Amino acid sequence: VQFRAVPLGEVPGNPRSKWETRGYQADVDNANANTGALIECCAGPRRGVPPRPDRAFRGQVVRTAIADGQKPSLLATFSDPDTLKTYWKVGEWNQLHLIARGRTMQNFINGRLMSVLIDDHPTMFVDHGVISIQLEGRGNNTASFRNIWLKNLQ
């Protein structure tokens with residue numbers, strides 16, 4: 001689920017490109033490999049500004065790099081990633097709760113805090129945008145969403 005995302009615009013000859021966005025992303029996946037992470041994604045088919053490599057994995061509080069060429073900072077760990085992984089129920093309904101308040105983003109799954117990303121970059125931080133639901137992969141891959149709620153915290 002992308003949030004505070006920016007639509008990238010349609011590429012001539014590629015009608016699906018009109019749905020491509022770039023923004024913060026709360027990862028969930030059927031393989032449960034990256035579920036719980038907060039990242040910045042994507043640039044469509046290699047266009048626009050590439051996403052930063054800053055990432056908060058399960059159980060981490062991460063501050064993004066604050067200047068080009070710097071690395072993100074791991075500020076804290078608050079839980080075991082393998083334990084947090086068990087809260088995502090593959091193939092069942094799950095609850096995803098995202099809080100984006102100012103520069104701090106929190107990812108909760110089924111009531112458990114998964115990750116925190118603090119974006120202090122002076123020019124790359126984004127404070128508004130669209131919500132974008134993404135399905136990656138090919139073949140028999142399905143995602144279903146229901147009861148989507150948005151609440152303005154201001």
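Structure's up top.
Numbering of residues begins from 1 in every chain and follows the order in which that chain's sequence is written. For a predicted model such as this one, the threshold for reporting local features is a pLDDT of at least 70, and the threshold for listing and counting side-chain atom pairs is 80 or more; totals across whole chains, interfaces and linings nevertheless cover every residue. Side-chain measures here rest on the full set of heavy atoms in the structure, leaving out hydrogens and waters.

Details of the overall build of the chain
Phase 1: Numbering of helices and strands runs from the N terminus; a helix is a DSSP stretch of H or I covering at least four residues, while a strand is a stretch of E covering at least two. A count of helical and extended segments in the chain gives one helix and ten strands.
Phase 2: Throughout, the radius of gyration refers to the C-alpha atoms, and the reference size of a globule is 2.2 Å times the residue count to the power 0.38. Since a compact globule built from 154 residues should have a radius of gyration of about 15 Å, the 16 Å found for the chain is in line with a globular shape.
Phase 3: Viewed in the frame of its principal axes, the chain has a C-alpha envelope of about 45 × 40 × 30 Å.
Phase 4: In the chain, buried positions account for 32% of the 154 residues.
Phase 5: We call two residues contacting when some pair of their heavy atoms lies within 4.5 Å. Here the contacts in the chain between residues at least 6 apart in sequence split such that 47% fall between residues at least 24 apart.
Phase 6: Residue exposure ignores everything except the shown protein chains as possible cover, and the areas themselves are Shrake-Rupley values with a 1.4 Å probe. As displayed, the chain has an accessible area near 9900 Å², and 52% of this comes from carbon and sulfur atoms. Buried residues are those whose accessible area, probed at 1.4 Å on protein chains only, stays under 20% of the maximum for their type, while exposed residues exceed 50% and partly exposed ones sit between those limits.

A look at the state of the cysteines
Phase 1: Cysteine sulfur atoms are paired as a disulfide whenever they come within 2.5 Å of each other. Under the defined criterion, the tally for this structure stands at one disulfide.
Phase 2: Bridging Cys 41 to Cys 42, the disulfide has an S-S length of 1.5 Å.
Phase 3: Relative accessible area serves as the criterion here: at 8%, Cys 41 is assigned to the buried category.

Notes on the side chain of Asp 29
Phase 1: Mapped onto the elements of the fold, Asp 29 is located in the loop between β2 (21–26) and β3 (38–41).
Phase 2: Only four residue types enter the tally: Lys and Arg on the positive side, Asp and Glu on the negative side, with His and both chain ends excluded. Here a salt bridge means any side-chain nitrogen of Lys or Arg lying within 4 Å of a carboxyl oxygen belonging to Asp or Glu. Buried charge without a salt bridge: Asp 29, with Arg 58 as the nearest opposite-charge side chain at an N-O distance of 6.0 Å.
Phase 3: As used in this structure description, the phrase polar contact means that two N or O atoms lie within 3.5 Å; if the pair is within protein, one of them must be able to donate a hydrogen and the other to accept it, and residues adjacent in sequence are counted only when both atoms belong to side chains. Side-chain polar atoms of Asp 29 contact the backbone nitrogen of Asn 34, separated by 2.8 Å.
Phase 4: Those residues within four positions of Asp 29 in sequence are excluded, and the remaining contacts are Asn 34, Thr 35 and Trp 88.

Quick notes on the sheet that holds strand β6 (residues 73–77)
Phase 1: By the convention used here, strands pair only if DSSP detects at least 2 bridges between them. Sheet architecture is open: five strands sit in the order β6-β5-β9-β8-β7, paired in mixed fashion. Because the sheet does not close on itself, it has two edges, and the strands there are β6 and β7 (96–101). Neighbour-to-neighbour, the strand axes of this sheet turn through a mean angle of 15°, independent of strand direction.
Phase 2: Looking at chain direction, strand β5 (residues 60–63) and strand β9 (residues 112–118) are connected through four bridges and run parallel. Within β9, the position partnered with Arg 63 by the bridge is Ile 118. Axis geometry follows a simple rule: fit a line to the C-alpha atoms, using only the stretch in contact for helices, then measure angles between N-to-C directions, giving values from 0 to 180 degrees.

Section: the pairing of β9
Phase 1: With five of seven residues buried, β9 lies mostly within the body of the structure.
Phase 2: Bridge analysis of strand β8 (residues 104–109) against β9 gives six bridges, and the strand direction is antiparallel. Bridge pairing links Thr 104 to Ile 118 in β9.
Phase 3: As consecutive antiparallel partners, β8 and β9 are separated by two residues, and within that stretch Asn 110 has a phi angle of approximately 50°, a positive value.

Points about the sheet that holds strand β1 (residues 2–7)
Two orientations exist for strands paired in a sheet by backbone hydrogen bonds: parallel and antiparallel.
Phase 1: If you walk across this open sheet you meet the five strands as β4-β3-β2-β1-β10, and the pairing is antiparallel. With one partner strand each, in any of the chains shown, β4 (55–56) and β10 (130–132) form the two edges of the open sheet.
Phase 2: Bridge count between β3 and β4: two bridges; the pairing is antiparallel. Bridge pairing in β4 links Leu 38 to Ala 56.

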